[in-house]
Amino acid sequence: MFENLSEKLQRSFKNLRGQGTLTEENISEALREIRLALLESDVNLDVVKQLIEQIRIKALGTQVATALSPTEQIVKIVNDELVNILGKDTARFKFSSQPPSVILMAGLQGSGKTTTSGKLAQWLKKGGHRPMLVSVDVYRPAAREQLAVVARTTGTSIYEGKLDPDTTHGTADVLRLAKEAKRDAANFGCDILIVDTAGRLGIDKELMDEMAELKKLLNPSEILFVADAMTGQDAVNSAKAFNDLLAITGAVLTKMDGDARGGAALSIRQVTGAPIKFLGTGEKPDAFEPFHPDRIVSRIMGMGDIATLLERAEEKLDRGKAENFAKKALTGEGFTLEDFREQLRQIKKMGSMKSILKMLPSVGPFAGMAQAAENVDESQFSRIENIINSMTNKERQNADIINGSRRKRIATGSGTTVQEVNNLLRQYSQMSKMFKNMGGGGGIKAQQRMMS
Ligand code: GDP
């Protein structure tokens, strides 16, 4: 997500290594590199200037004061300043005291408004809310149909309303639909109404006037600007234009799973004053996460994001199965191919292997893992699962019986090769051996080692 910026920043810190103290000279040198790293990651120029100035002032101020090495000092200052520009705390989501609270989704066409509306509805439902969706894009029937599909896939209520297909529609219809939807939400006991609005390819007066009228009519508790992170500085500029007119309450950065350089994330809050509230990280409804500035900075600084990883594990993993696996791994007893397959499935539930590896710190014991993520072949996991699926129950319980002809049958059944089946069996056997070595009397010791 922020690999580029992260890599470049760390390179600029490396050059400070081996230097005894922070001097005006080496601070300037480091700042030059940091400046370049930020600009290359598409951070807004004004934001870069402010950041660099703050870092310079702090770095010069702490020259003598501390036992930290120069690199550590600079890393800490950059870390603190990045947290500062992103906002110290996770932004709160506002609700109106009189339900339904209205969330107005704003943004350009294609930014991800409709997808995000569905993701947001799902996220709110998880938090115990009853959201309703409505699309007031009276200009594009396809857009309204798209939201209806999103509502169906996420199991969310939707107000579809009526529009005569033979007439052209305008702002009056937009306002009518919005008003009806708010009433409908109240009647159905929905406490939140998410309003997906018409997007345009660029900012035009008509669109802006319509948004202003919607705001006046609905008195929304949140106006979320949806920005496509891939569009970099354009996203920042349109965020500014929307904010000038509507006073947005927050931003959602979508497509953070793509190769966006991340600069938009660092610029939007500084330019608009509105915090980033969520990140979109994929096309599926659950590829969505609240924006925690400190965790994002941790990722940028190469320290990974263990907090999010643990949260994801907590949410997605089956505790009973995980404990069962841990027990077998620690005692080295009864670890079958069935357990191997279950373990793969559990890991898959947490997201792609790539996304998991990328959350590990790039320093310390996990060094190199995040980089290795680039080379992970996700299809490999499905192939392994297919191989185990093609075995009989008996084979899964006792791998020793899988002889040459069985291997051939399994390869054919799973659409793989005998060599792949052999590889898998070898991996499984190595893993079992490793567990047995750890276990068999050493189990408790191994456990103690892990806990100490
Ligand atoms: P709208 O015109 O603003 O309503 O945009 P849509 O919701 O229709 O999204 C435009 C395209 O972006 C669709 O193909 C979505 O699947 C895709 N999209 C939206 N959010 C994300 C995201 O976070 N990651 C990725 N990879 N694609 C996204």
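Conventions used here
- All residue numbers refer to positions counted from 1 along the written sequence of the respective chain.
- Where local features are concerned, this predicted model is filtered to residues with pLDDT of at least 70; where side-chain atom pairs are given and counted, the filter is 80 or more; whole-chain, interface and lining totals use all residues.
- UniProt positions are given in the numbering used here, feature names are shortened, and annotations may be inferred rather than shown by experiment.
- Any residue whose C-beta atom, as placed from the backbone, lies within 6 Å of a molecule or strand is termed near it.
- A run of H or I in DSSP counts as a helix once it spans at least four residues, and a run of E counts as a strand once it spans at least two, with each numbered from the N terminus.
- Residues with at least 20 other C-beta atoms within 10 Å of their own are called buried, those with 12 or fewer are called exposed, and the rest are partly exposed. The C-beta atoms themselves are positioned from the backbone.
- Directions are taken from the helix axis to each C-beta atom, and the arc is the one they span.
- We treat two strands as partners when DSSP finds at least two bridges between them.
- Fitted lines through C-alpha atoms give the axes, limited to the stretch in contact for helices. The angle between two N-to-C directions lies from 0 to 180 degrees.
- Placing C-beta atoms from the backbone, we regard two residues as in contact once those atoms come within 7 Å.

In the nomenclature of an unreviewed UniProt entry, the protein is known as Signal recognition particle protein of Granulicella pectinivorans. Under the UniProt heading Catalytic activity (unreviewed entry), the entry covering the protein gives this text: "GTP + H2O = GDP + phosphate + H(+)". Turning to the protein, the UniProt record has this under Subcellular location (unreviewed entry): "Cytoplasm".

For the rest of this paragraph, the subject is the site of the ligand. In the neighbourhood of the ligand, 18 residues make up the surrounding shell, with Gly 112, Lys 113, Thr 114, Thr 115 and Gly 280 lying closest. Considering every element that reaches the shell around the ligand, the biggest residue donor is helix α5 (residues 113–126), with three residues.

So, on to helix α17 (residues 379–389). Owing to its 3.6 residues per turn, the α-helix brings residues three or four apart onto one side. Inspection of α17 places Ile 384, Ile 387 and Ile 388 among the buried residues, and these make up the whole buried set. For α17, the buried positions fall inside an angular range of 95° around the axis, keeping them on one side.

What follows is about the pairing of strand β1 (residues 101–106). For β1, a buried count of six out of six residues is recorded, marking the element as mostly surrounded by other parts of the structure. What you see with β1 is no split at all: Ser 101, Ile 103 and Met 105 on one side and Val 102, Leu 104 and Ala 106 on the other are buried throughout. By the bridge criterion, four bridges tie β1 to strand β5 (residues 222–228) in an arrangement that is parallel. Along β5, the bridge assignment pairs Leu 104 with Ile 223.

Right, let's talk about the sheet that holds strand β4 (residues 192–196) for a bit. The eight strands are arranged β3-β2-β4-β1-β5-β6-β7-β8 in an open sheet whose pairing can be described as mixed. Each having just a single partner strand, β3 (157–159) and β8 (288–290) make up the two edges of the open sheet. This sheet shows a mean twist of 25° between the axes of neighbouring strands, independent of strand direction. Here β1 runs beside β4; their pairing, made up of five bridges, is parallel. Looking at the pairing, Met 105 lines up with Asp 196 of β4. Here helix α7 (residues 171–187) sits on the sheet in contact with β1, β2 (131–135), β3 and β4, set at roughly 165° to β2.

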